[in-house]
Amino acid sequence: MLIKIKILIKSYNLRTIFLFRTYAMNRFTSETVKKTLCPYQEKCYRKNPIHFNEMSHPHLEKLIINNLDDVITIPAHLDFECPDRSQLLDQLKVLQIVLKKERDRNGGTSQSLKPQESINPKNSPKNSNSKGKETISDELKQKIERNKQAALLRREKKLKELDEKAELLASYESGSFKNIEKSPKQNLKRNGSENNDKTTIQKKSKTIEIYDSNFSSQSSSSSNTNSYSSDSSATTGTSIVENFIGCKTTAARENIRKQALEKMRRAGLKANVVEPGEFALKYALSAPYHLFFTRVEEIKETFNQPLTITLPEILDISLGEIVESLHFNFMIDMGWLCLQYLLAAQSAKMLVLYESRVDSDPLPANITAIEIPKPSAFGCHHTKVSLLKYKDNGIRIIVSTANLYSDDWENRTQGVWISPHLPQLPESSNSNDGESPTGFKKDFERYLLTYKQATLTEWIYAIRHADCSAINVFFLASVPGSHKGHDLNNWGHKKLASILSQHATLPADSPYWPIVAQCSSIGSFGPNFENWLQKDIVTSMSKEKNAGLKSITNFQFVYPSINNFKNSIDCRAAACCLPYSMKTHSKQEWIESYMYQWKASKINRDRAMPHIKSYTRISRDFKKIPWFVLTSANLSKAAWGTFRQSNYIMNYEAGIVFIPKLITKETTFPIEKQESSDIPVFPMPYDLPLTRYGPQDKAFVIEFFDSA
């Protein structure tokens, strides 16, 4: 009993660590304890649903509490200072959504959603001269009794939740839990976790409802099925997605598309949409690399760049009519994703494998969503890969660094690779037919098989029967487990070492070609550079064909400094995709001697914080590279693996490797225009030469928000 009490106390003290992002949205908000008054009160600028779930804002709540189903209007006169009415409107929209969900969970009543009232001492019965000082009105008595009963119920539920968390704590000696995605203003601690963007990514600040007002709860009963009907009526569908499926004409689809645009605008989301039907030319002109960077909504210079991309462009009708999609991702907003399909005038039938959902709405019948359990206490499902199946049975594979929710596609630097159209092989073909020169098909199929998901059977069949011979990059993935024997070189940094050993060719001065790592989160490396970075990462990334005896190369690490972040769009929006903690950094401050600032002026993305992850080597004159990796994998042991007899990996990750020999028939890619060559310049995500941290520069850590 004493042990359990201790565990409960520890569990309660660690509550900011294991408030699961989606779990908290779906469960904790419906069992919420009394909200804490926001310390910023009328000066609060936050627009995050998590913040409004946990903090009370009486000045906002009283403006909309009686109008949760109406269009929000701001009174001409307010009883508090409001320097930015546009920001206030955004806050009210988010709060309206949060309160509507609370109301629905409480059986459709709004009584419990009234702004919390506190008794002012000067108005209390002891100090009042009114007749009511000795008696309390029946209405107030009832209100107190209701609040008392509600408080008891919340207390019981909270204790039950703590019991469950205590059991989890007891089962994991490490004390680390599921997705911790709290708002960055809070004191976030990771208890030693070294992973990725899962800990502190701020959730999207806007929510989109894909269901119309006539939505019936019956439609959610089939939300986890693969059913799909092209004959359903556009007038009887329960969601805008299902209405789109029922459209029989191009005009009807365009009408639904306009509705989707309007929904986005009402939700406060960016709706600067590229018109459908024009992406095929841009894709053709991106050859031979087909590597893009996402458009930055607040940096207009990025809009017309030839290698800028939006999600609706990836889905564009000019690449083919999509009949079905498969998405692997870490964090996903289903409502937002569905609208991207509508903006592209494409069918949104899809299978989604994810770790965390931003939204909690029921799904249309044409969408199957499967949550992938955390592989371990410190591991996660971090892969960001999509497959599109077209009407002609051909497929296309997309590898990116972006989560499937609005913030990641609006104002951050992300990388996206899009495969060529992969036609279906003839029925008479052999299983080895249609292989890529890089072995991409075999490697990708091996990756899909590790999920052991029956729902992936048809997609594995599609890969097996696809002509992948046009793919010119290698598939590089990580899957959880201890890999050894014949499996040793299939995953993580050992797989990259194997690819480079067979295909990378460098000149004699290659030791002077530094390895450059760039990512959005930093793991726990150990007490010194040699402990893991040199022993595993630098050693694997130094591999080359016919290397001979060469010294270890230098290592350089691109990661935003605090000053980089202060000047970013994310800082202004109080958002963050850089979840590196002071707790981890304090144990490895030596890493700053290897660090370089985030600068991307050549592609107009200095102010768009990098969520892209890339690895390469760069020549001494900054004119060429011998290979390039685009991946979901941050620089961490969980993502790449730790080799000590076996390669131990904790995450699912996916990326691609560009090798010149397979793409341009040369030994290097030019990263600067060369007059004597017609080979296209390889698109680098940051400026060269790199800019080293200055004496006053510090690596950005999430605790920056505590002192901001």
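A. Broad picture of the overall build of the chain. Summing up its helical and strand segments, the chain has 22 helices and 22 strands in all. Counting all 708 residues of the chain, 57% fall into the buried class. Residue pairs in contact within the chain that sit at least 24 positions apart in sequence constitute 75% of those at least 6 positions apart. Carbon together with sulfur atoms contributes 51% to the accessible area of the chain, which is approximately 30100 Å² in total.

B. Up close: the packing of helix H13 (residues 440–449) against helix H14 (residues 457–464). As a packed pair, H13 and H14 sit with axes 10 Å apart at the nearest point and diverge in direction by 170 degrees. Comparing their axes, H14 and H13 come out roughly antiparallel. Only Trp459, Ile460, Ile463 and Arg464 of H14 make contact with H13, whose side of the interface consists of Lys441, Phe444, Glu445, Leu448 and Leu449. Along the lines of polarity and charge, the residues of the contact of H13 with H14 split into 6 nonpolar, no polar and 3 charged.

C. The packing of helix H15 (residues 492–503) against helix H16 (residues 530–541), seen in detail. The interhelical angle for the contact between H15 and H16, taken along N-to-C directions, is 25 degrees, at an axis separation of 8 Å. Between H15 and H16, the angle is such that the two are roughly parallel. In this structure, H15 crosses over H16, and the sense of that crossing is left-handed. For the pair H15 and H16, the contacting residues are His493, Leu496, Ala497 and Leu500 in the first and Asp536, Ile537, Ser540 and Met541 in the second. Classifying every residue of the contact of H15 with H16 gives 5 nonpolar, 2 polar and 1 charged.

D. Region of interest: the state of the cysteines. Per the counting criterion, the structure on display carries 0 disulfides. Summary of cysteine pairing: Cys38 is not part of a disulfide, and the nearest cysteine sulfur, belonging to Cys44, is at 3.9 Å. Overall, the relative accessible area of 1% leaves Cys38 in the buried class.

E. Structural view of the pattern of salt bridges. Counted by the stated rule, this structure contains 18 salt bridges. Where Arg295 meets Glu297, a salt bridge forms, and the shortest distance between an N and an O atom there is 3.4 Å. For Glu297, a relative accessible area of 8% gives the class buried. Here Lys698 makes a salt bridge to Glu592, at a shortest N to O gap of 3.5 Å. On the criterion of sequence distance, the pair formed by Lys698 in the loop between strand S22 (669–670) and helix H22 (704–707) and Glu592 in the loop between helix H19 (582–585) and strand S15 (595–596) is long-range, its members being 106 residues apart. Looking at Glu592, the relative accessible area reads 14%, which means it is buried. A single network of salt bridges, built from pairs that share partners, joins Lys442, Asp443, Arg446 and Lys495.

F. Representation of the nonpolar core. In this structure, Leu635 and Phe658 are the most contacted members of the largest nonpolar core, which totals 108 residues. The element best represented in this core is H16, accounting for 5 residues. Listed in part, the 31 residues of the second largest apolar core include Met334, Trp336, Met350 and Ile367.

G. Representation of the sheet that holds strand S18 (residues 628–631). Within the open sheet, the 7 strands sit side by side as S11-S21-S18-S16-S13-S14-S15. Their pairing is mixed. Edge positions in the open sheet fall to strand S11 (474–478) and S15, since each of these has one partner strand only. Here S11 pairs with strand S21 (residues 653–658) via 5 bridges, running antiparallel. When the bridges of S21 are listed, Phe474 appears paired with Val657. Here H13 sits on the sheet and contacts S11 and S21; the angle it forms with S11, its principal contact strand, is near 20 degrees. Across the sheet, H15 is in contact with S11, S18 and S21; its angle to S11 comes to roughly 155 degrees.

H. Inspection of the sheet that holds strand S10 (residues 415–418) at higher detail. Reading across the sheet, the 8 strands line up as S4-S3-S10-S9-S8-S5-S6-S7 and stay open at both edges, with mixed pairing between neighbours. A strand with exactly one partner marks an edge of an open sheet, and here the two such strands are strand S4 (308–309) and strand S7 (367–371). Looking at chain direction, strand S9 (residues 395–400) and S10 are connected through 3 bridges and run antiparallel. Pairing of Ile398 across the sheet is with Ile418, part of S10.

I. How the structure looks around the packing of aromatic side chains. Applying the stated criterion across every chain, the model contains 33 aromatic pairs. Look at Phe279 and Tyr283: their rings are 6.4 Å apart centre to centre, the planes differ by 45 degrees, and that puts the pair in the tilted class. With Phe279 and Tyr283 both in helix H9 (residues 279–285), this residue pair falls 4 residues apart, about one helical turn. By relative accessible area, Phe279 is classed as buried at 2%. Here the aromatic rings of Tyr289 and Phe682 are separated by 4.9 Å at their centres, their planes lie at 65 degrees, and the arrangement is edge-to-face. Placement of Tyr289 in the loop between H9 and strand S3 (291–294) and of Phe682 in the loop between S22 and H22 is noted, with a sequence separation of 393 residues between them.

J. Looking closely at H13. Judged by how many residues are buried, H13 sits mostly within the fold: 7 of 10 residues are covered. Of the positions making up H13, those classed as buried are Phe440, Lys441, Asp443, Phe444, Glu445, Tyr447 and Leu448.

K. Focus on the pairing of strand S8 (residues 385–390). Counting buried residues along S8, 6 of its 6 residues qualify, which places the element largely inside the surrounding structure. Residues of S8 alternate between two faces, with Val385, Leu387 and Lys389 on one and Ser386, Leu388 and Tyr390 on the opposite face, all of them buried. Bridging between strand S5 (residues 322–332) and S8 involves 6 bridges; their strand directions are antiparallel. Considered in S8, the bridge of Ser325 is made with Leu388.

L. The arrangement of the side chain of Asp443 in detail. Mapped onto the fold, Asp443 is located in helix H13. In terms of polar contacts, Asp443 uses its side chain to reach the side chain of Lys495, at 3.0 Å. For Asp443, the contacting residues outside a window of four places in its chain are Thr438, Phe475 and Lys495.

M. Quick look at the pairing of strand S6 (residues 350–357). Most of S6 is tucked away, with 8 of its 8 residues classed as buried. By the bridge criterion, 7 bridges tie S5 to S6 in an arrangement that is parallel. From the neighbouring strand, Phe328 faces S6, where its bridge partner is Leu353. As a crossover connection, the stretch from S5 through helix H11 (residues 334–343) into S6 is right-handed. Bridge count between S6 and S7: 5 bridges; the pairing is parallel. Along S7, the bridge assignment pairs Val352 with Ala369.

What counts, and where the lines are drawn
Residues numbered from 1 in each chain as written. Predicted model: local features only at pLDDT ≥ 70, side-chain atom pairs only at ≥ 80, totals over all residues. Heavy atoms only, no water. Helix = DSSP H or I, 4+ residues; strand = E, 2+ residues; numbered from the N terminus. Buried < 20%, exposed > 50% of the residue type's maximum accessible area, 1.4 Å probe, protein only. Contact = heavy atoms within 4.5 Å. Areas by Shrake-Rupley, 256 points an atom, 1.4 Å probe, with all protein chains shown as cover. Axes fitted to C-alpha atoms, helices over the stretch in contact; angles between N-to-C directions. Parallel < 35°, antiparallel > 145°, perpendicular 65-115°, else oblique. Nonpolar A, V, L, I, M, F, W, Y, C, P; charged D, E, K, R; others polar. Left-handed = near helix turned anticlockwise from the far one by under 90°. Disulfide = S-S within 2.5 Å. Salt bridge = Lys/Arg side-chain N within 4 Å of Asp/Glu carboxyl O. Core = buried A, V, L, I, M, F, W, Y, C linked by side-chain atoms within 4.5 Å. Pairing = 2+ DSSP bridges. Phe/Tyr/Trp six-rings, centres within 6.5 Å; stacked < 30°, edge-to-face > 60°. Polar contact = N/O pair within 3.5 Å; in protein donor to acceptor, adjacent residues only side chain to side chain. Right-handed = clockwise from strand over helix to strand, strands pointing away.

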